Amino acid sequence: MRIIAGRAKGLTLKAPPEGTRPMTGRAKESLFSIIGSRLPEAVVLDLYAGSGSIGLEALSRGATSCVFVERGNRASKVLADNVAKVGLGGDIRASTVDSALTKLDGPFDLVFVDPPYAEDDRTVSGVLSRIEPLLADDGLVVIHRQARSTLVVPEFLTCTDERRYGDAVVTMMERSHT
């Protein structure tokens, strides 16, 4: 696993020993090709951060800051090592996503939601519904899930793009404007 482009291009990242499922290189490259114009000066939130590869890629490509939320002890240690190695900053919250969402201040321009496949669809749908006060008016939410998952998308979000990569799907949603 490595940083694909930007200031930290080519740096190899550590992966947690177990319990996480990093986005494939192909999916990550495609995603960042699609959202690239949103990255300069973006404020990013990386929920279920794992190794931090998504948030670190965003920082490498010009995001100004990233808050990483990861509850696993082993994953948090690897995340801290990766953030230090890349050297572009990042605020690590060793906490559950539920707890972090009650303590964070937005607005965030990009919110990455990449829960473990074992995380219940209802739980992830609940996380989506609680992102609203943290999302910038023109913010984007990116969800990486198992293709067979059935999430309930809250009314404040509209799906703008969806891509399938093997047994995974990446869905991009923007705030609905009425």
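Fair warning: this is a prediction, and the values are worked out from it, not measured in the lab.

**What to know about the sheet that holds strand E5 (residues 135–146)**
Backbone-to-backbone hydrogen bonds pair the strands of a sheet. The strands run either parallel or antiparallel. Here seven strands make up an open sheet; going across it, the order is E3-E2-E1-E4-E5-E7-E6 and the pairing mixed. Each edge of the open sheet is held by one strand with a lone partner, namely strand E3 (91–94) and strand E6 (157–165). The sheet shows a mean angle of 15 degrees between the axes of neighbouring strands, taken without regard to direction. Bridging between E5 and strand E7 (residues 168–175) involves seven bridges; their strand directions are antiparallel. Bridged to Arg145 within E7 is Val169.

**Focus on the side chain of Ser95**
Relative to the helices and strands, Ser95 is located in the loop between E3 and helix H4 (97–103). By relative accessible area, Ser95 is classed as buried at 18%. One polar contact links the side chain of Ser95 to the main-chain amide nitrogen of Ala100, over a distance of 3.4 Å. Once residues lying within four places of it in the same chain are set aside, the contact partners of Ser95 are Val69, Glu70, Arg71 and Ala100.

**Structural notes on the side chain of Asp114**
Here Asp114 lies in the loop between strand E4 (108–113) and helix H5 (121–130). A polar contact is formed between the side chain of Asp114 and the side chain of His144, at a distance of 2.7 Å.

**Digging into the pairing of E5**
E5 sits mainly inside the fold: 10 of its 12 residues count as buried. Here five bridges tie E4 to E5, and the two strands are oriented parallel to one another. Looking at E5, one finds that Phe108 is bridged to Leu135. With respect to chirality, the unit in which E4 leads through H5 into the neighbouring parallel E5 is right-handed.

**Comments concerning the pattern of salt bridges**
Tallying each qualifying case throughout the model produces 10 salt bridges. Here Arg163 makes a salt bridge to Asp161, at a shortest N to O gap of 3.0 Å. Among the ionic contacts, a cluster of salt bridges with common partners joins Lys14, Lys77 and Asp81.

The rules we used
Each chain has its residues counted from 1, following the order in which its sequence is written. With pLDDT at 70 or above as the cut-off, local features in this predicted model cover only qualifying residues; side-chain atom pairs require 80 or more to be listed or tallied, and sums for whole chains, interfaces and linings still use all residues. With hydrogens and water set aside, each side-chain value is computed from the structure's full complement of heavy atoms. When DSSP finds two or more bridges between a pair of strands, those strands are recorded as paired. Numbering goes from the N terminus for both helices and strands, where a helix is a DSSP run of H or I of at least four residues and a strand is a run of E of at least two. Helix axes are fitted to C-alpha atoms over the stretch in contact, other axes to C-alpha atoms as well, and angles between N-to-C directions run from 0 to 180 degrees. Burial status follows relative accessibility: with a 1.4 Å probe on protein chains alone, a residue under 20% of its type maximum counts as buried, one over 50% as exposed, and anything between as partly exposed. Counted as a polar contact is a pair of N or O atoms within 3.5 Å, where, for protein atoms, one must be capable of donating a hydrogen and the other of accepting one, and residues adjacent in sequence contribute only when both atoms are in side chains. In what follows, residue pairs with any heavy atoms lying within 4.5 Å of each other are defined as contacts. Handedness is read with the strands pointing away from the viewer; a crossover is right-handed when the path from the first strand over the helix to the second is clockwise. We count a salt bridge whenever a side-chain nitrogen from Lys or Arg sits within 4 Å of a carboxyl oxygen from Asp or Glu.

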